[in-house]
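Fold and contact review
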Amino acid sequence: MKKFFSLILLIIIVVGMIYTIHQIPFGKNQSKIGKYFVANGKDETGAANIVTSVVVGYRSFDTLGEVTVLFLAAIGLGAILTTTKKQNHDIEKASLILNTGCRFLFPLVLLFSAYIFIHGHLSPGGGFQGGAVVASGFLLIYLACPGKRINKVGNTISESVGGLIFIILGAIGLFVGDRYFLANFLPKGELNTLFSAGIIPIIYIALGFKVGSELNSVIDKMMEES
Amino acid sequence: MAKSSVKNESSVKNFLYLFIFMMLIWLALTSSLHWQELIVGCVVSIVITFFLNSNYQPLGLPSLNLIKIFYIFIYLIVLFIEIVKANFDVAYRVLHPKMPIKPGVVIIKTSLRQDIAKLILANSITLTPGTFTLDIKKDKLLIHWIYVRSENIEDSTKLIGARFEKYLGKIFS
């Protein structure tokens, strides 16, 4: 009897989902705003990557909020994980293979992350992805060289400077050009070259530093507790 | 006075080494010779080199010249051949109905001094199926072997390490 009921329930769910989903035309652009972004994104923001033109062009205020959420998450984690007792574990040294490999790869990881956030307006990627790659590089060092810690002051400075550049650029937009917060007041340049899209690449570089430092501080707190 | 100038020269050399390495990777990533990409690549490489150069030198990367680059190519070919050979060997052991394996852990010695050379040797041994580097302690490598032919250190060094070490020694001399 139980099986019979679950079978009927399953059939109802499946029929209901098919009935709902088959009315949505697959692969077609439904929303007007999406069509608008695709048609005008390149000309209005100068970014060859449409996703970037939305994330840092049309909706950059939203992105500022996202960075703030990440910042709050890092602070919250710090508040939860802070313990008064300092335990001293015996740290086992990582093997020479891991240690050497990580030290060899670390500059390459940083270069790759810089490539990702500098080319955010041209190719897939951007500040968030680049920042995550930076943090993965530091995580490698944490795992391979136990006892090494990031420079906390430097980390905080790069985070603050990244956030400040974002907000200051937005505030300048209030007075120059179109006069709204985060207006793109710099020249847009030639499409699909590195120096194009006005303030978008600068914001993405700042975001890369900010997200990278935020994730670094999260990793640092986690490793301190482990 | 003379000593410090020698030191300066070598530090400039080290700086250039990592800088050129970074620049080559940047060119490979962007695959473009546009002047804007080159300028930004230079700036990024200089910044990374400036901060990380002092950590990078103790790795003991080889100074490159034409002969060494030639040996690197030879090494890659040798490595490829060894990997193919070892693949067939392991496939034979897997498919044979009696499964002729004799697994065990052996120690081999290496005469390579640089950390990066030991890393490449260890990874080459791991890449060839049947042998697997577990750890490195000073000049000894701990290796898991699918068919232990010899428990003697000298003999297993000859069988596992020597084929790679011959060329690595030339590259890292």
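Preceding this paragraph is the structure being described.
Structural notes, computed from the coordinates. For clarity, every value in this text was computed on a predicted model and none was experimentally measured. (Residues numbered from 1 in each chain as written. Chains lettered and ligands numbered in written order. Predicted model: local features only at pLDDT ≥ 70, side-chain atom pairs only at ≥ 80, totals over all residues.)

1. Here we look at the packing of helix α5 (residues 96-118) of chain A against helix α4 (residues 115-127) of chain B
At a minimum axis distance of 9 Å, the contact between α5(A) and α4(B) shows a crossing angle of 110°. On the basis of the axis angle, α5(A) is roughly perpendicular to α4(B). Relative to α4(B), α5(A) is oriented so that their crossing is left-handed. Here L96(A), I97(A), T100(A), G101(A) and F104(A) of α5(A) come into contact with α4(B), specifically with D115(B), I116(B), K118(B), L119(B) and A122(B). Looking at side-chain class alone, the contact of α5(A) with α4(B) contains six nonpolar, two polar and two charged residues. (Axes fitted to C-alpha atoms, helices over the stretch in contact; angles between N-to-C directions. Helix = DSSP H or I, 4+ residues; strand = E, 2+ residues; numbered from the N terminus. Parallel < 35°, antiparallel > 145°, perpendicular 65-115°, else oblique. Left-handed = near helix turned anticlockwise from the far one by under 90°. Contact = placed C-beta atoms within 7 Å. Nonpolar A, V, L, I, M, F, W, Y, C, P; charged D, E, K, R; others polar.)

2. With respect to unusual backbone geometry
Residue and element names in this part refer to chain B. A positive phi angle is found at M99, which is not glycine, with a value near 50°. Locating M99 in the fold gives a position in the loop between α3 (66-95) and β1 (104-109). Positive phi is not limited to glycine here, since K138 has a value of about 50°. Tracing the chain through its elements places K138 in the loop between β2 (131-137) and β3 (140-145).

3. Comments concerning the packing of α3(B) against helix α5 (residues 153-171) of chain B
Residue and element names in this part refer to chain B. It is the contact of α3 with α5, at a shortest axis distance of 9 Å, that shows an interaxial angle of 165°. Considered as vectors, α3 and α5 are oriented roughly antiparallel to each other. With respect to the hand of their crossing, α3 and α5 are arranged in left-handed fashion. Of the residues in α5, those touching α3 at K68, Y71, I72, I74, Y75, V78 and E82 are R163, Y167, L168, K170 and I171. Split by residue class, the contact of α3 with α5 holds eight nonpolar, no polar and four charged.

4. Topic: the nonpolar core
Counting residues in each nonpolar core, the largest one holds 42 residues, and the members touching the most others are L111(A), I200(A), I203(A) and L207(A). Contributing elements (two or more residues each) for this core: α3 (50-58), α5, α6 (127-144), α7 (152-175) and α8 (200-225) of chain A together with α1 (2-30) and α2 (35-56) of chain B. Residues within four places of I200(A) in sequence aside, it is in contact with T45(A), A47(A), T52(A), V56(A), G57(A) and H121(A). One finds I120(B), A122(B), W145(B) and F172(B) within the second-largest nonpolar core, a separate group that totals 20 residues. (Core = buried A, V, L, I, M, F, W, Y, C linked by C-beta atoms within 7 Å. Buried ≥ 20, exposed ≤ 12 C-beta atoms within 10 Å, placed from the backbone.)

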